[in-house]
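Below are the chains, spelled out letter by letter.
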Amino acid sequence: MKLLPSLLIFGLLFLQHNHGFEFVIDGEWEEDMLSDLEQHERHKRAILTSEEEKDFEIVSGDDITIKSYRIESHVTSRFAHTTVRSHVVNSGARAQSIGFNVQIPKKAFISNFTMNVNGIVFKGSVKEKAVARNLYNRAKSRGKAASIVRANSQDMETFQTEVHVPPGSNIEFELNYQELMQRKMGIYEHQLHLQPGRLVPHFQVDVYIFEPKGVSKVEATHTLAGHFTDFIKVTTTDEKAHISFKPSLQQQRKCNNCTGSAIDGVLNVKYDVNRDSNGELQVSDGYFVHFFAPTNLSPLPKNIVFVIDVSGSMWGVKMKQTVEAMQAILDDMTVDDHFSVIDFNHNVRCWNEDLVPGSRLQVGDAKKYIQSIKPNGGTNINEALMRAVQILIRASNQGLIDPRSVSMIILVSDGDPTVGETKLSTIQKNVKRVMREEFSLFSLGIGFDVDYDFLERIAMENRGMAQRIYANHNAADQLRAFYSQVSAPLLRRITVQFPDDSVSDVTQNKFDKFFSGSELVVAGKVLPSDTNILTSYTTASGADLDLTLETETDTTELDERLANLHHSFPGFARQLWAYITIKQLLAERAMATTALKKRKITQKILSLAVEHQFVTPLTALLVENEDESERLLADSPKDAKHGCCSGVGVSPVSVVYEHPPWVLFPTPAPPSDAKGSEEWALPQTVNLVDNDPHFIIHLPRQNMDVCFNIDSKPGHILNLLSDSSTGVVVNGQLIGSKKLHKNKLNTYFGTISVYFQPEGLSVTASTENITVSDERHSHVFSWEATTDITQDGVRIHILKKSNVTITNGNFQVTVLLHRIWKKHPVNVDFLGIYIPTTNQYSPLVHGLIGQFSREPDVNVYDVREGVDPLKKEATMEVKGSQLQVTRGWQKDYRTEKKHGSNVYCWFVHNSGKGFIDGHYSDYIVPDLSSFLQMN
């Protein structure tokens, strides 16, 4: 059984008599659809030969005439909408099948396909895959023939259709696809494959570019015959460029009297834009796009461990080209960089067990070592990666790594593991377990013998990326080109933020690294506002500085400009946002650790793809005539990579700064008797701590609320509840405001931890995330998604951007998240904690809140006017003391998050002295899991 390359491929059309058509554009099969034989054969991979690539032509068939062929691309703010049209006539004397083939970029989404066959017009619309599959199976059951054709090249994939028509038939094909241009090495590149295979009376290519900040440079290169250079016209203005290619019939001929076409190659449109160092913020049609590609920054030092596969399968050209590439790559090292080299087959060898500076002497020695390698033996990927991580960890522990540097592992391999640990999911888990957050893994897979799905997954989990190196191309050039993309890191930990209530549905806005020549893109929806100004704030760390960059734009200006441009793409921002979001969701889906999580992500993808009309791996294009009597079905079967891992059962360590957050471990399904969402609401009576930090203690028996403040210091950890008998402890750590306000530094809870000693489980909420840890694992969840987790009988319910509720039997606690505008001069994000008075504890319970589970007798009398006429004063008798208290109010934010609702209470001064047992300093504990030790 021969399986084809593991890349997303578009293809197919089916032959059918009586003008009935179907075709499939497919993207993936689910794992559970694979037969045992397919699972067994998943590692067999086919290599596309150069002969197969040459078989491609735009229109196929005998005795056909291409009356016209036109490609038109509208690129607006890096987002391209491309239309390919062809008008074909069956000029033969018999009915025949006519094919229409288009090579499109791998990263593009088809947005529509239409066909006019002898006046019968078929129009496309994107549907959920289930609809497409049902129609497809129904058609097959009626005896319709079906076959799947796949083809592929380094950067493109082939869409193919075929229709059986009688002689004299006229067929018009039209295909639309959309993609975001990715900036690499300082250039955006738009590729168009031109291979008609025959002469075309009307052949025309037009590319229209509009960039609001202006086009800084543009050029059109090609791999066509040399004489076509003069026929490619490039016209530019400040903001626009037009590239046209319109050879006449005579100019297309291979020679003056030839009947064959000389058009056979690729037209490359390359350009870059003017840019501000702070970034470019654009708003159109209610959506924003933020482009960030700063220049003129000093590169960060880098620490790289190269891990090179030298197994027997690398013998010959692969090894020769890898060595050639490594010579050039090592020459790029500077004395500020550190590196080492690991080569592996069934054994693992280190050129140097430690990172060494990239001096000329060390580089020369490493180059000699690599040149002496003789490939042989098996493939022990697991041990090689473990050794690479150990080298980085050892250097970090010894203080040899600059804290502002970038640490990377670059793996080059051409095969699956055959020695040592061979289970790919286990290798994935092992690497994830040992990798530190400051390390990244980049995977390069040579040829199709390697399980690229595995390499991609392991790279994505560890803040890197994967790339396939095509063995039938110049692999050395490809390796060097990839390294060039990551060889100059300029910034670390980049975050793009916006003021509260100004945007929503934001795509990934936190990035681990920014490399020279690339670009970071964040998109989202703009919320209604009283102002026409949208502002973004970008923070990042460079080689010797920290940056906070502010960018603003008028939200109406760009739409006014687009309305006056004939060749712009007015809906670019909306489609660009959907494109990025779907791409990120597809990546998140590939990392999903449970079937439930995967289904939820799938539904999001389906909804977006149908709304924005994108053919994704999970959607299909239904093409039908006006009366719906004839249909074509566009679907997309996954090519046979089938990777290592479905994702279920992975148990990695935490990743806290990735966005969108990928929670990379299985979450058990809630028990059948789980409470509904309506029961997560807190009871009416609670004890709470919120704001700076204000304690409100509810005394149910006396229907009274008593409040007090704790004036402690940032960094102090206060015990709120400690029950050594049941083994439950709740602690909170204080943080300070950004600066003094009215000669006082306000303090807030920045972290709250709930620890269950019997289960060895802690739930720690910070303003950044929620961490669930046991004795074996630590799992990090984001505030950016609503999530339910059950572990060891403890239920954790995270309400997106709002609160987390932890429940264990008769114990419950809720932590509220308060987000503050990041540019606020004083305030910071903080947490509030709400504990129901109905919780059940043992008699040993104590703590600033816990002690009040035994309600004290409180007598308030002598109520009188206070210094503030709005606040009464009184005397309180409690625990044998007489306290002077003030009638006031504090805030309960459970139901009204922004402004809170008032809770009237008697305020006890001096940090609760007299109302709490002892002094507040008695409740300071050493760490977040410490039980209270009262004298």
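Before any of the text, the structure's been laid out above.
For clarity, every value in this text was computed on a predicted model and none was experimentally measured. (Residues numbered from 1 in each chain as written. Predicted model: local features only at pLDDT ≥ 70, side-chain atom pairs only at ≥ 80, totals over all residues. Heavy atoms only, no water.)

(A) A look at the nonpolar core. In terms of nonpolar packing, the biggest core is built from 58 residues, with Val 804, Ile 806, Met 876 and Phe 915 touching the most fellow members. Leave out the neighbours within four places in its chain, and Ile 806 touches Val 754, Phe 756, Val 763, Val 794, Arg 795, Ile 796, Phe 811, Gln 812 and Val 813. Among the nonpolar cores identified, the runner-up in size contains 53 residues, and Ala 80, Phe 100, Leu 175 and Ile 263 belong to it. (Core = buried A, V, L, I, M, F, W, Y, C linked by side-chain atoms within 4.5 Å. Buried < 20%, exposed > 50% of the residue type's maximum accessible area, 1.4 Å probe, protein only. Contact = heavy atoms within 4.5 Å.)

(B) Here's a closer look at the sheet that holds strand 15 (residues 265–273). Pairing is antiparallel across the open sheet formed by four strands, whose spatial order is 9-10-15-12. Only two strands of the sheet have a single neighbouring strand rather than two, namely strand 9 (183–184) and strand 12 (215–222). (Pairing = 2+ DSSP bridges. Helix = DSSP H or I, 4+ residues; strand = E, 2+ residues; numbered from the N terminus.)

(C) View of the pattern of salt bridges. For the coordinates displayed, the defined rule picks out 34 salt bridges. Linking Lys 744 and Asp 692 is a salt bridge whose minimum nitrogen-to-oxygen distance equals 3.1 Å. Linking Lys 744 in the loop between strand 37 (728–736) and strand 38 (747–756) with Asp 692 in the loop between strand 33 (686–690) and strand 34 (694–699), this pair joins segments that are 52 residues apart in sequence. Owing to a relative accessible area of 8%, Asp 692 belongs among the buried residues under this scheme. Salt bridges sharing common partners tie together Arg 78, Arg 183, Glu 211, Asp 272, Arg 275, Glu 280 and Glu 519. (Salt bridge = Lys/Arg side-chain N within 4 Å of Asp/Glu carboxyl O.)

(D) Inspection of the packing of aromatic side chains at higher detail. Applying the stated rule across the entire model yields 27 aromatic pairs. Judged by centre distance (6.1 Å) and plane angle (20°), the ring pair of Phe 79 and Phe 569 falls under stacked. Here Phe 569 lies in the loop between helix 11 (557–563) and helix 12 (572–590) and Phe 79 lies in strand 3 (residues 79–90), a separation of 490 residues in the sequence. Taken together, a centroid distance of 6.2 Å and an interplanar angle of 70° make the contact between Phe 228 and Phe 231 edge-to-face. Put simply, the rings of Tyr 69, Phe 203, Phe 228, Phe 231 and Phe 245 pair up and form one aromatic cluster. Positioned over the ring face of Phe 109 is Lys 583, at 4.4 Å from the centre of the ring. (Phe/Tyr/Trp six-rings, centres within 6.5 Å; stacked < 30°, edge-to-face > 60°. Lys NZ or Arg CZ within 6 Å of the ring centre and 35° of its normal.)

(E) Quick peek at unusual backbone geometry. Phi is positive for Asn 118, close to 50°, though the residue is something other than glycine. Its place among the elements puts Asn 118 in the loop between strand 5 (109–117) and strand 6 (120–128). We classify Asn 118 as partly exposed; its relative accessible area is 40%. Despite not being glycine, Asp 862 shows a phi value in the positive range, around 55°.

(F) Molecular detail of the environment of Tyr 834. Of note, Tyr 834 is situated in strand 46 (residues 830–836). Residue Tyr 834 is classed as buried on the basis of its relative accessible area, which comes to 0%. Taking the C-alpha atoms as reference points, Tyr 834 and Leu 816, 18 residues apart in sequence, are found 7.8 Å from one another. In this structure the side chain of Tyr 834 is engaged in a polar contact, spanning 2.5 Å, whose partner is the side chain of Asp 690. (Polar contact = N/O pair within 3.5 Å; in protein donor to acceptor, adjacent residues only side chain to side chain.)

(G) Seen up close, the packing of helix 12 against helix 13 (residues 595–612). Where helix 12 contacts helix 13, the axes come no closer than 10 Å and their chain directions differ by 160°. By the angle class used here, helix 12 and helix 13 are roughly antiparallel. Every pair of crossing elements has a handedness; the one defined by helix 12 and helix 13 is left-handed. On helix 13, the residues touching Arg 574, Gln 575, Trp 577, Ala 578, Thr 581, Ile 582, Leu 585, Leu 586, Glu 588 and Arg 589 of helix 12 are Lys 598, Ile 601, Thr 602, Lys 604, Ile 605, Leu 608, Ala 609, Glu 611 and His 612. Tallied by class, residues from the contact of helix 12 with helix 13 come to nine nonpolar, four polar and six charged. (Axes fitted to C-alpha atoms, helices over the stretch in contact; angles between N-to-C directions. Parallel < 35°, antiparallel > 145°, perpendicular 65-115°, else oblique. Left-handed = near helix turned anticlockwise from the far one by under 90°. Nonpolar A, V, L, I, M, F, W, Y, C, P; charged D, E, K, R; others polar.)

(H) Quick look at the state of the cysteines. A full pass over the atoms with the stated rule returns two disulfides. Bridging Cys 707 to Cys 905, the disulfide has an S-S length of 2.1 Å. Between Cys 707 and Cys 905 the sulfur-sulfur dihedral comes to about 75°; the bridge is accordingly right-handed. Of this pair, Cys 707 sits in strand 35 (residues 704–709) while Cys 905 sits in strand 50 (residues 901–908), placing them 198 residues apart in sequence. (Disulfide = S-S within 2.5 Å.)

(I) Inspection of the sheet that holds strand 1 (residues 59–60) at higher detail. The strand order 1-4-7 describes an open sheet built from three strands, whose pairing is antiparallel. Strands with a single pairing partner mark the edges of an open sheet, and in this sheet they are strand 1 and strand 7 (156–165). Alignment of strand 4 (residues 96–105) against strand 7, held across 10 bridges, turns out to be antiparallel. Bridging across to strand 7, Gln 96 finds its partner in Val 165.

(J) Local environment of the pairing of strand 40 (residues 769–773). A large share of strand 40 lies buried, amounting to five of its five residues. Side chains of strand 40 alternate between two faces, with Asn 769, Thr 771 and Ser 773 and Ile 770 and Val 772 buried alike. Here four bridges tie strand 39 (residues 761–766) to strand 40, and the two strands are oriented antiparallel to one another. Residue pairing for strand 40: Ser 762 is matched across the bridge by Ser 773. Here strand 39 folds back onto strand 40 in antiparallel fashion, the turn holding two residues. Taken together, the five bridges between strand 40 and strand 41 (residues 778–782) define a ladder with antiparallel strand orientation. Bridged to Ile 770 within strand 41 is Phe 781.

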